[in-house]
Amino acid sequence: MKILKFLLVGIFFGIVLVKSEAVSWYRIYEMFKFQSFHMYGIIGSAVCLGILFIWLFKVFGVKNIEGNRISLVPKDSGFVRYLAGGTVFGLGWALAGACPGPLYVLFGTGVISMLIVIAAAVFGTFVYGVLKSKLPH
Amino acid sequence: MEVLLKPWPWYVSGPLITLVMLLLIYFGKTFGMSTTLRTLCSIGGAGKYSDFFRFDWKAYRWNLVVVLGAIIGGYIAVTFLSDGSTIALNPQTVSDLSELGFYSAGKSLLPSEIYAWGNVLTVKGMAILIIAGFLVGFGTRYAGGCTSGHAITGLSNLQWPSLIAVIGFFIGGLIMTHFLLPLIFSP
């Protein structure tokens, strides 16, 4: 059961991403052309509800399944890494039409060629790890 | 049941994505898909080349299970939960895409012009997939997160770094969509 719940969340996530069309290359293209509200609605409503619930969790000191108070680990401070890394990511996102979650989901929908993108993404992460100390953060 | 088979509107999908994030947080974890790319590097022995990959990847097995689920979920969604509806794109998008040489916009999730084997197995087609994947993998780790970790979780937690990262996502995405895609694909 411990690990099964993660499998179930993953299955649910995969279904939602397909049914929302957020895994569609076309929807990402349309988003970056500002020609539809669809993707902004998905991300915007997810974030607004997220802000509300995470705030409520903090206010009421909600505990997680392990009995610890819920708190999110803040990201390290910095600027260059977020802007530069984010920009590189954005270039890839708009070209592949998919970010890491959808890469996996799309493979599941039967797009075998997505394995090439996933392998290249693993390689990209590897190259970052090797060059990390030489990059501005 | 029939309404499940149709595409789900944004106001259903967005809150369900929040639910995924909240469930993972409630389980004592966090919502971040790109971390799995780093975990895969570690499993593959990348620790030999960089400290960055020397961590206890077994502690992140749960996230690989989420990935396995996401793959299964993708399969279930297209196999049992789809009625073959086309994607209701803006007609302007469809016409813009036809100028770039994409002629079946919205008829499937992905353009065959990029993902069908006939195009993948050309030098240009293969280069597109490899470069796209590389940029995603490199950029997401450099930025410390992707759409799930920064845009959804980070913004929900009102973190400045995530806002900067999301602005970066859009700078890159806009450059690619408006300037580079026309150079790559114009017929």
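Here the structure is shown first, and the text comes after it.
A. Molecular detail of the overall build of chain B. Helix and strand counts for chain B stand at 10 helices and zero strands. Secondary structure elements of chain B occur, N-terminal to C-terminal, as α-α-α-α-α-α-α-α-α-α. Relative to its 187 residues, chain B shows a buried fraction of 51%. Partitioning the contacts of chain B with sequence separation of at least 6, the portion at a separation of at least 24 is 47%. For chain B, the exposed area adds up to about 8,300 Å²; of that, 68% sits on carbon and sulfur atoms. In chain B, the 10 positive side-chain charges and the 7 negative ones have mean positions that sit 16 Å from each other.

B. Just the environment of Asp76(A), in detail. Examined against the element boundaries, Asp76(A) turns out to sit in the loop between helix 3 (38-59) and helix 4 (80-96). Taking the C-alpha atoms as reference points, Asp76(A) and Leu95(A), separated by 19 residues in sequence, lie 28 Å from one another. With residues near it in sequence (within four places) discarded, Asp76(A) still touches Arg81(A), Tyr82(A) and Pro161(B).

C. Layout of the environment of Pro7(B). Assignment of secondary structure puts Pro7(B) in the loop between helix 1 (2-5) and helix 2 (10-26). The class for Pro7(B) is partly exposed, based on a relative accessible area of 31%. The contacts of Pro7(B), once residues within four sequence positions are left out, are Lys19(A), Glu21(A) and Ser85(B).

D. Representation of the side chain of His150(B) in the model. You can see His150(B) is positioned in helix 9 (residues 147-156). Of the residues examined, His150(B) reaches a relative accessible area of 0% and is grouped as buried. At 2.8 Å, the side chain of His150(B) and the side chain of Ser162(B) are in polar contact. Leave out the neighbours within four places in its chain, and His150(B) touches Lys75(A), Tyr82(A), Ala143(B), Gly144(B), Gly145(B), Leu155(B), Pro161(B), Ser162(B), Ala165(B), Val166(B) and Phe169(B).

E. Molecular detail of the packing of aromatic side chains. Per the stated rule, a full pass over the model turns up 29 aromatic pairs over all chains. Seen from their ring centres, Phe6(A) and Trp62(B) are 5.4 Å apart, and the 45° between their planes marks the pair as tilted. With one member in each of two chains, Phe6(A) in helix 1 (residues 4-19) and Trp62(B) in helix 4 (residues 61-80) form a pair that bridges those chains. Ring centres of Phe126(A) and Phe53(B) lie 5.9 Å apart, and the angle between their planes is 20°; on these two criteria the pair is classed as stacked.

F. Looking closely at the interface of chain A and chain B. Listed by partner, the interface residues are 107 residues for chain A and 126 residues for chain B. Summed over both sides, the interface of chain A with chain B buries roughly 10,200 Å², with 79% coming from carbon and sulfur. Remark: the boundary between chain A and chain B carries one salt bridge. Between chain A and chain B we count 30 residue pairs in polar contact (both at pLDDT 80 or more) in total. Counting only elements with at least two residues in the side of chain A that touches chain B, the list comes to helix 1, helix 2 (25-32), helix 3, helix 4, helix 5 (100-108) and helix 6 (114-131) of chain A. The element contributing the most residues to the side of chain A that touches chain B is helix 4 of chain A, with 17 residues.

G. How the structure looks around the nonpolar core. One finds Trp25(A), Phe31(B) and Tyr115(B) to be the most contacted residues of the largest nonpolar core, which totals 101 residues. Ranked by residues supplied to this core, first place goes to helix 1 of chain A with nine residues. In this structure Phe31(B) touches Phe13(A), Ile17(B), Val20(B), Met21(B), Leu24(B), Ser148(B), Gly149(B), Ile152(B) and Thr153(B), once residues within four positions along its chain are discounted.

H. Inspection of helix 4 of chain B at higher detail. Compared with an ideal rise of 1.5 Å per residue, which puts 20 residues at 28 Å, helix 4 of chain B spans 28 Å between its outermost C-alpha atoms and is within 8% of the ideal. The set of residues buried in helix 4 of chain B consists of Trp62(B), Asn63(B), Val65(B), Val66(B), Val67(B), Gly69(B), Ala70(B), Gly73(B), Gly74(B) and Ala77(B). On the buried face of helix 4 of chain B, the contacting elements are helix 1 and helix 5 of chain A together with helix 2 and helix 3 (35-43) of chain B.

I. Spotlight on a nonpolar patch on the surface. A cluster of nonpolar side chains, contributed by Trp160(B), Leu163(B), Ile167(B), Ile171(B), Ile175(B) and Phe179(B), occupies part of the molecular surface with about 610 Å² of accessible area. Structurally, Trp160(B) is set in helix 10 (residues 160-185).

J. Spotlight on unusual backbone geometry. Residues and elements named next belong to chain A. Residues other than glycine seldom take positive phi values, yet glutamate 21 does so here, at roughly 65°. Turning to its location among the elements, glutamate 21 is positioned in the loop between helix 1 and helix 2. Of the residues examined, glutamate 21 reaches a relative accessible area of 5% and is grouped as buried. One non-glycine residue, phenylalanine 34, lies in the positive phi region at around 55°. Along the chain, phenylalanine 34 turns up in the loop between helix 2 and helix 3. Take phenylalanine 34: its relative accessible area is 53%, and that puts it in the exposed class.

The rules behind the values
- Residues numbered from 1 in each chain as written.
- Chains lettered and ligands numbered in written order.
- Predicted model: local features only at pLDDT ≥ 70, side-chain atom pairs only at ≥ 80, totals over all residues.
- Heavy atoms only, no water.
- Helix = DSSP H or I, 4+ residues; strand = E, 2+ residues; numbered from the N terminus.
- Buried < 20%, exposed > 50% of the residue type's maximum accessible area, 1.4 Å probe, protein only.
- Contact = heavy atoms within 4.5 Å.
- Areas by Shrake-Rupley, 256 points an atom, 1.4 Å probe, with all protein chains shown as cover.
- Lys, Arg positive; Asp, Glu negative; His and termini not counted.
- Charge placed at Lys NZ, Arg CZ, Asp CG, Glu CD.
- Polar contact = N/O pair within 3.5 Å; in protein donor to acceptor, adjacent residues only side chain to side chain.
- Phe/Tyr/Trp six-rings, centres within 6.5 Å; stacked < 30°, edge-to-face > 60°.
- Buried area = accessible area lost by both parts, 1.4 Å probe.
- Salt bridge = Lys/Arg side-chain N within 4 Å of Asp/Glu carboxyl O.
- Core = buried A, V, L, I, M, F, W, Y, C linked by side-chain atoms within 4.5 Å.
- Expected span 1.5 Å × (residues − 1).
- Patch = residues over 30% accessible without salt bridge, like charges linked within 9 Å, V, L, I, M, F, W, Y side chains within 5 Å.

None of the figures reported here should be taken as evidence of function without further support.
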